[in-house]
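Structural characterization, general
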Amino acid sequence: MSNQPLHLPDPIHEGLARGWKVIDSPKNQADLKCDVVIVGTGAGGGISAELLSKAGLDVILIEEGMLKSSRDFKMREADAYPQLYQESAARKTKDKAINILQGRTVGGSTTINWTSSFRTPTSTLEYWQDNFGLREFTAEAMSPYFLQAEQRLNISPWTPPPNENNDLLRRGAFKLGIPAMAIMRNVRSCWNLGYCGMGCPTNAKQSMLVTTLPFALDKGARLITRSRAERYELKNSAVQALIVQPLDAKGLAPEGKPFRIRAKHYVLAGGAINSPALLMRSGAPDPYKRLGIRTFLHPVVICAALMNQAVEGFAGAPQTIYSDHFLEMDPITGPMGYKLEAPPIHPVLFASTINGFGQLHADLMSNFSKMHALLALMRDGFNPESPGGKVELGKAKQAVLDYPLNDFLWDATRRAFLSMAEIQFAAGAKTVYPVHELAEGYKSWGQAQAAIKALPLKPLLTRVVSAHVMGGCGMANTEKLGVTRPDGQHWQLNNLSVFDGSLFPTSIGANPQLSIYGLTTRLAGNLASRLSNRPAPTLV
Amino acid sequence: MRRRTFIAAGLGGTLALAGAGLWWNKKFALPARNAVFTQESRLLFAALIPAVIGAPNGKTLSTTQINAAVDRVFQTIAQLPLLTQDEIGELLGLLQITAVRKLLAVSASWTEASPEELAHFLQSWRTHPIALLQSAYLALHDLISGSYYADTSTWAAIGYPGPAVQFV
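All figures in this text were calculated on a predicted structure; none of them were measured in a lab.

**A word on the overall build of chain A**
Each helix and strand counted, chain A has 14 helices and 24 strands in total. Relative to a compact globule of 540 residues, whose C-alpha radius of gyration would be 24 Å, chain A shows 22 Å and is just as compact. With the principal axes as the frame, chain A shows a C-alpha extent of 65 × 55 × 45 Å. Sorting the 540 residues of chain A into buried and exposed places 65% on the buried side.

**Notes on the nonpolar core**
Judged by nonpolar contacts, the single largest core of 220 residues is most densely connected at Y232 and I261 of chain A together with F45, I49, W110, F121 and W125 of chain B. Top contributing element to this core by residue count: helix α12 (residues 407-426) of chain A, with 11 residues. Sequence-distant contacts of W125 of chain B, that is, excluding residues within four places in its chain, are made with L91, L94, L95, L104, L133, Q134, A136 and Y137 of chain B.

**With respect to the packing of aromatic side chains**
Within the structure shown, the criterion is met by 18 aromatic pairs over all chains. For the ring pair Y127 of chain A and F382 of chain A, a centre distance of 4.9 Å and an interplane angle of 65° mean the geometry is edge-to-face. Highlighted residues: Y127 of chain A in helix α5 (residues 122-132) and F382 of chain A in the loop between β18 (371-378) and β19 (390-393), separated in sequence by 255 residues. For the residue pair Y127 of chain A and F382 of chain A, the accessibility class agrees, reading buried in each case. Ring plane angle 85° and centroid distance 4.8 Å describe the contact between Y148 of chain B and Y149 of chain B, whose orientation is recorded as edge-to-face. Given the relative accessible area of 3%, Y148 of chain B is considered buried. Given the relative accessible area of 0%, Y149 of chain B is considered buried. Three or more aromatic residues joined by ring pairs make a cluster, and in this case those are F314, F350 and F368 of chain A together with W155 and Y160 of chain B.

**Comments concerning the confidence of the model for chain B**
Residue and element names in this part refer to chain B. Across chain B, the average pLDDT comes to 87, with 83% of residues at or above 70. Per-element mean pLDDT across chain B ranges from 51 in helix α1 (residues 2-27) up to 98 in helix α3 (residues 63-78). Two numbers describe this predicted complex: its pTM, 0.96, and its ipTM, 0.96.

**A short note on empty space enclosed by the protein**
Residue and element names in this part refer to chain A. Enumeration over the complete set of coordinates arrives at 11 cavities of 30 Å³ or more. The space that makes up the largest cavity amounts to roughly 100 Å³. Contributing to the lining of the largest cavity are 16 residues, with C190, L193, C196, C200 and P201 lying nearest its centre. The residue makeup of the lining of the largest cavity, split by class, is 10 nonpolar, 4 polar and 2 charged. Its boundaries defined by the atoms lining it, the second largest cavity holds a volume of some 80 Å³. A breakdown of the residues in the lining of the second largest cavity according to their chemical character gives 10 nonpolar, 3 polar and no charged.

**Side note on the interface of chain B and chain A**
Across the contact, 44 residues belong to chain B and 53 residues belong to chain A. Among the residues chain B hides against chain A, the three largest losses belong to R126, F167 and V168 of chain B. Together they make up 17% of the total. Counting across the chain B and chain A interface gives 3 salt bridges. In this structure, R126 of chain B engages E437 of chain A in a salt bridge whose closest nitrogen and oxygen atoms are separated by 2.5 Å. Where chain B packs against chain A, one counts 17 residue pairs in polar contact (both at pLDDT 80 or more). Elements that contribute at least two residues to the side of chain B that touches chain A include exactly α2 (39-53), α4 (82-95), α6 (115-126) and α7 (131-148) of chain B.

**Observations regarding the environment of G162 of chain B**
Mapped onto the elements, G162 of chain B comes out in the segment after α7. Taking the C-alpha atoms as reference, G162 of chain B lies 7.7 Å from T152 of chain B; in sequence the two are 10 residues apart. When residues no more than four places from it in sequence are discounted, the contact partners of G162 of chain B are Y195 of chain A together with W155 of chain B.

**Here we look at the pairing of strand β15 (residues 300-306) of chain A**
Every regular strand shows the same layout, with side chains that alternate between the two sheet faces. All names here are of chain A. In terms of burial, β15 is a largely internal element, 7 of the 7 residues being buried. With burial as the criterion, each face of β15 is covered, one bearing V300, I302, A304 and L306 and the other bearing V301, C303 and A305. For β15 and β18, the ladder comprises 7 bridges, and the chain directions are antiparallel. When the sheet's bridge partners are listed, V300 is paired in β18 with L377. The sheet contact formed by β15 and strand β21 (residues 431-434) spans 4 bridges and is antiparallel. Across the sheet, the residue bridging to L306 is T431, located in β21.

**Structural notes on the side chain of N355 of chain A**
Here N355 of chain A lies in the loop between α10 (347-353) and α11 (359-366). What N355 of chain A contacts, discounting residues up to four positions off in sequence, is L360, H361, L364, P434, V435, H436, E437 and A439 of chain A together with R126 and H141 of chain B.

**Some details on unusual backbone geometry**
All names here are of chain A. You will see that N203, though not glycine, has its phi angle at about 60°, which is positive. Tracing the backbone shows N203 in the loop between β9 (184-186) and α8 (212-218). Judged by relative accessible area, N203 falls into the buried class, the value being 14%. Its identity as a non-glycine residue notwithstanding, H298 has a phi of 45°, on the positive side. Tracing the sequence through the fold places H298 in the loop between β14 (295-296) and β15. Classification of H298 by relative accessible area gives buried; the value is 0%.

**Topic: the sheet that holds strand β7 (residues 155-157) of chain A**
All names here are of chain A. With antiparallel pairing, 3 strands are arranged side by side in an open sheet as β6-β9-β7. Each edge of the open sheet is held by one strand with a lone partner, namely β6 (116-117) and β7. The pairing of β7 with β9 spans 3 bridges and is classified as antiparallel. Bridging across to β9, S156 finds its partner in R185.

Conventions adopted
Position numbers for residues start from 1 in each chain and track the written sequence from start to end. Just so you know, chain letters begin at A and ligand numbers begin at 1, following the order they were written in. In view of the model being predicted, local features appear only for residues whose pLDDT reaches at least 70, and side-chain atom pairs are presented and counted only at 80 or more, with totals across whole chains, interfaces and linings using the full set of residues. The side-chain values count all of the structure's non-hydrogen atoms but skip hydrogen atoms and water molecules. Helix and strand assignments come from DSSP, with helices taken as H or I runs of at least 4 residues and strands as E runs of at least 2, each series counted from the N terminus. Radius of gyration: C-alpha atoms only; globule rule: 2.2 Å multiplied by the number of residues to the exponent 0.38. Accessibility here uses a 1.4 Å probe with only protein chains present; expressed as a share of the type maximum, an area under 20% marks a residue as buried, one over 50% as exposed, and anything in between as partly exposed. The criterion is simple. A nonpolar core is a set of buried Ala, Val, Leu, Ile, Met, Phe, Trp, Tyr and Cys residues joined through side-chain atoms within 4.5 Å. Every residue pair with non-hydrogen atoms within 4.5 Å of one another is taken to be in contact. Aromatic rings from Phe, Tyr and Trp, with only the six-membered ring used for Trp, were paired whenever their centres fell within 6.5 Å, and each pair was classed as stacked if the ring planes differed by under 30 degrees, edge-to-face if by over 60, and tilted otherwise. pLDDT is a per-residue confidence score from the predictor, ranging from 0 to 100. A 1.4 Å probe that fits into a set of points on a 1 Å grid over the protein atoms alone but cannot get out defines a cavity; an open set with protein on both sides within 12 Å along at least five of seven lines defines a pocket, and lining residues are those with an atom within 4 Å of a point. Grid points are joined across faces, edges and corners, and a volume is the space filled by probe spheres set on the points. Throughout this entry, Asp, Glu, Lys and Arg are counted as charged residues, while Ala, Val, Leu, Ile, Met, Phe, Trp, Tyr, Cys and Pro are counted as nonpolar. The remaining residues, Gly among them, count as polar. Summed over both partners, the accessible surface that disappears when two parts come together, traced with a 1.4 Å probe, is what is meant by buried area. Here, a salt bridge means any Lys or Arg side-chain nitrogen found within 4 Å of an Asp or Glu carboxyl oxygen. Pairs of N or O atoms within 3.5 Å make up the polar contacts considered here, provided that, within protein, one atom can donate a hydrogen while the other can accept it, and that residues adjacent in sequence are counted only when both atoms are side-chain atoms. A pair of strands is considered paired only if DSSP assigns at least 2 bridges between the two.

Given below as structure tokens:
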């Protein structure tokens, strides 16, 4: 490819030039009124914004992060993590044992995710039907909504060959007779660069940033960025106003006067962890102690491997091959299953994730371009021994997730390390490195097997990460089991709906973006219909 | 014997940490994050950076590389939530207390500490029975390694060419 810098159009700057109403951290803002105020601009907030504005409703969106777009996306971790992620990509659970990657920018996590798109597995929906009374959530009933989202966001099979990092998963699994398949991606004319996690520089990724949000802004929706939804004012089972606090230049500290937004209806789409925390700060009724519990993460463990050949896991689309073999081995309610994928490998993410210091660390980094990595995403929330975590408020009333790691999860972790190591050796790995403080490089499957079986699996010794936040405002057909009704409305607040991943009563068992798109398409479409007295709008 | 020493040091560590917190609050009526961006912290990171990073591709870090990496560590910290900055400030304040440093078997100043002493300190916290100290090790590991490799100048040594295309 040419080394000459290329120029590409930036649809966000074009929209701003057309007169979009975007206000960045207003320091002296008068109170505002609208039909619907949406907190958050990620998967849930983006879809909601398109459907509600399509129905002719006056919408305001509140986003804590900044508005960044393709011209800002320079494929550099040093810029991307502080600008586009919650807590500089270093958000942690209460005991600091799990590092969480979550977006904090216009478009939310959809701006920085790795584009993996899966419909909600039927087994997950069936579990919701059986355990939370969500009888209308069958695969058949959800199918038209997934289809709309797939068409709107160009979610389609990825046909170019996988990069070597993903192909190693395919080849290793094939040798062992383990099925591995291609992942659908929400891209259009993708350049196959491999920098999805730093914001797509070519606008190929069909994130909320370049699809639903521009649609809503073109319809006259207002977007207020670098402003934190502080709390709702509540009275008589209804929200009276949303109080918004503008932030300073870095987006870290309050700066300027808080203001109120009054709306007919309030949509909460701050994502799991943040949405329950906002309801807690507001003193929302919680008669059955459901708020913030059952927060799920798909806890992830990682296994790196040194190959003989160049892998260059930084180049080419990330996560294009997966295996559900270890999700499907046992019933969903049995021992915890896990999904295997191959993440992108970039210097900051890799250097800070791999264990060790000094020569051990330097040796791994010296072989950076020959390193391969697999991750196992564990399906939490389907067994009494997997209750997930609980959102709490910290000393500055900030969201804190307490997610204890227990033996049920460690059992899956050990199996996952074994599966990943075996696949990596089958794919030709020279040395395999489970990411654990006491694990060394293992030279053979036999050596790895014996060592992994003996590893003490404990918090902070085992590196656990997450990129999927779910639950905390779970849906159920009775207020005894959920924060929200099956239509997404809060059980005790009659003008507030939650439309984001915090609705999920369990984890999904797959990368969740399409689950949020499909669910929100259904729920926000129905809300738009109710508020506008028109038929439910669609995405296509 | 070794195990016993370890546990004793662990208990001592906890007491020292509690004491240091109290001391800190008395000495400065300021948020702990103010302890981050000081000359003392610079020297501490200048000692820890080569201990964490080692010699990528066999090349020992130069003083210039170390100083530039300290700047990047400071930049990284300055972009973290304020409460996290406070926690890091408390950790750095703690490590600068002479008694604590001696407890960690780093005999002279951090600047004069030998590579063996630094490695011993990192390894003892890495596997420490007290979760707080383990998480402090991980914080130093992630902060230093992440900030170090954030810069273009470090990429050649690890064979990372950077993005294949540039856009303006």
